[in-house]
Amino acid sequence: MEICSDRIDAVLVPPVTSEHIIHSIIAINPDAPSADKAIQEAIYENPLLLSDFKRIDALIDTRSYTVTPHQLLDHTSSDTVMKACGIDISDCEECISAPADGIAVVYAAAAALTGFLRRTFFNVRINHRIAPLIASHLSSSGLFAVAEHGRLDIIATDRGRLLAANTFEYRNPIDAAYYILACARELRAPESEIFLGGTDCEPVAQVMGQHAGYPKTVQCPPALLAMGKDAVSLPQSITALLS
């Protein structure tokens, strides 16, 4: 599942590929006493999520993250790294995801949330939602952008090297297209190596097509498509996790 401030994307994956994925979007109550309480209520009100699963992954959506060489953490604490990046860690747990050898995603997650997840789900694996996106694209070369729910992830790679990983908020497709093209210019990425995915990618692609080359669209992997129509609507972080 991917946990965001306003929703939870819960994805139930069957044990055999002949059965279908179930994707459920659970709205989070904006009037709850706190964001953590809202997430707890949303999960408790959906008892299917509390079933006995073989594996549970929780992907946290927080802008309070940075990507750094993992060896840096051998000499510097994650606390120091986050403070140097201006990340507020009050009432937060300092977390680290390792999407690949030598890469660390250092992020601050609400301690109340991570504590709840560990108490509620047996052996849950908690990661930042950018981690599986990095892992899935690292073996390729290009600039990969994901547009979903006013959130734009940009990951740039070059034959196993991570060049950039960042998340932007945008209000309209023009803003998203600007961020993508600006990053492409900064990284000198050719138009032929720009890839765009996510549930909101089409309006952004149309804007880019008017001002530059039309980007290549990231397609849902065939193995997931075979598991039903819900596979097309999955957040890209979960698609990457399952691929």
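Quick notes on the rules
- Residues numbered from 1 in each chain as written.
- Predicted model: local features only at pLDDT ≥ 70, side-chain atom pairs only at ≥ 80, totals over all residues.
- Heavy atoms only, no water.
- Pairing = 2+ DSSP bridges.
- Helix = DSSP H or I, 4+ residues; strand = E, 2+ residues; numbered from the N terminus.
- Contact = heavy atoms within 4.5 Å.
- Axes fitted to C-alpha atoms, helices over the stretch in contact; angles between N-to-C directions.
- Salt bridge = Lys/Arg side-chain N within 4 Å of Asp/Glu carboxyl O.
- Buried < 20%, exposed > 50% of the residue type's maximum accessible area, 1.4 Å probe, protein only.
- Phe/Tyr/Trp six-rings, centres within 6.5 Å; stacked < 30°, edge-to-face > 60°.
- Parallel < 35°, antiparallel > 145°, perpendicular 65-115°, else oblique.
- Left-handed = near helix turned anticlockwise from the far one by under 90°.
- Nonpolar A, V, L, I, M, F, W, Y, C, P; charged D, E, K, R; others polar.
- 1 Å grid on protein atoms, 1.4 Å probe; cavity = no way out; pocket = protein on both sides within 12 Å on 5 of 7 lines; lining within 4 Å.
- Points joined across faces, edges and corners; volume = space filled by probe spheres on them.
- Expected span 1.5 Å × (residues − 1).
- Arc of directions from axis to C-beta.
- Polar contact = N/O pair within 3.5 Å; in protein donor to acceptor, adjacent residues only side chain to side chain.

(A) Spotlight on the sheet that holds strand β9 (residues 142-148). The strand order across the open sheet formed by five strands is β11-β10-β9-β12-β13, and the pairing between neighbours is mixed. Strand pairing shows two members of the sheet lacking a second neighbour, β11 (161-169) and β13 (216-217), which therefore form its edges. Pairing analysis gives four bridges linking β9 to strand β12 (residues 194-197), with the strands arranged parallel. The residue of β12 that forms the bridge with Leu-143 is Ile-194. Packed on one face of the sheet, helix α5 (residues 173-187) meets β9, β10 (151-158), β11 and β12 and runs near 20 degrees to β10. Across the sheet, helix α6 (residues 201-211) is in contact with β9, β12 and β13; its angle to β12 comes to roughly 150 degrees.

(B) How the structure looks around the pattern of salt bridges. Applying the stated criterion across every chain, the model contains 15 salt bridges. The salt bridge partner of Asp-79 is Lys-83, with a shortest N-O separation of 3.4 Å. With Asp-79 and Lys-83 both in helix α2 (residues 78-84), this residue pair falls four residues apart, about one helical turn. For Lys-83, a relative accessible area of 54% gives the class exposed. For Arg-151, the salt bridge identified is with Glu-148, shortest N-O distance 3.2 Å. Among the charged side chains, a salt-bridge network with shared partners connects Glu-2, Asp-61, Arg-63, Arg-129, Glu-148, Arg-151, Asp-153 and Glu-169.

(C) Examining the sheet that holds strand β7 (residues 103-110) more closely. Sheet architecture is open: three strands sit in the order β5-β7-β6, paired in antiparallel fashion. One side of each edge strand has no neighbouring strand; the edge strands of this open sheet are β5 (65-69) and β6 (92-100). Direction aside, the axes of adjacent strands within the sheet are offset by 25 degrees on average. Where helix α3 (residues 111-120) meets the sheet, it contacts β6 and β7, and its direction lies at approximately 100 degrees from that of β7.

(D) Region of the structure containing the packing of aromatic side chains. One pass over the full model with this rule turns up four aromatic pairs. Taken together through their ring pairs, the aromatic side chains of Phe-168, Tyr-178 and Tyr-179 make up a single cluster.

(E) Structural detail: the packing of helix α1 (residues 35-44) against α3. At their nearest, the axes of α1 and α3 sit 9 Å apart, and the two run at 25 degrees to each other. Overall, the two elements α1 and α3 adopt an arrangement that is roughly parallel. Along this stretch, α1 crosses α3, giving a crossing that reads as right-handed. Residues Asp-36, Ile-39, Gln-40, Ile-43 and Tyr-44 of α1 form the contact with α3, whose own contacting residues are Ala-112, Leu-113, Phe-116, Leu-117 and Thr-120. A breakdown of the residues in the contact of α1 with α3 according to their chemical character gives seven nonpolar, two polar and one charged.

(F) Representation of the layout of surface pockets in the model. Reported here for the largest pocket is a volume of approximately 600 Å³. Among the secondary structure elements, those contributing two or more residues to the lining of the largest pocket are β2 (7-12) and α8 (236-242). Here the residues of the lining of the largest pocket sort into 15 nonpolar, one polar and four charged.

(G) Representation of α5 in the model. Between the first and last C-alpha of α5 there are 21 Å, a value that for 15 residues agrees with the 21 Å anticipated at 1.5 Å per step. By the burial criterion, the buried members of α5 are Ala-176, Ala-177, Ile-180, Leu-181, Cys-183 and Ala-184. Along α5, the residues classed as buried sweep out an arc of 160 degrees about the axis, all on the same side. Seen from the open side of α5, the exposed residues pointing more than 90 degrees away from its buried face are Ile-174, Tyr-178, Arg-185 and Glu-186. Among the structural elements, β9, β10, β11, β12 and α6 are those in contact with the buried residues of α5. If you check the start of α5, you find a side-chain oxygen 3.1 Å away from the backbone N of Ile-174, and it comes from Asn-172. Phi turns positive one or two residues past the end of α5, at Arg-188, with a value near 55 degrees.

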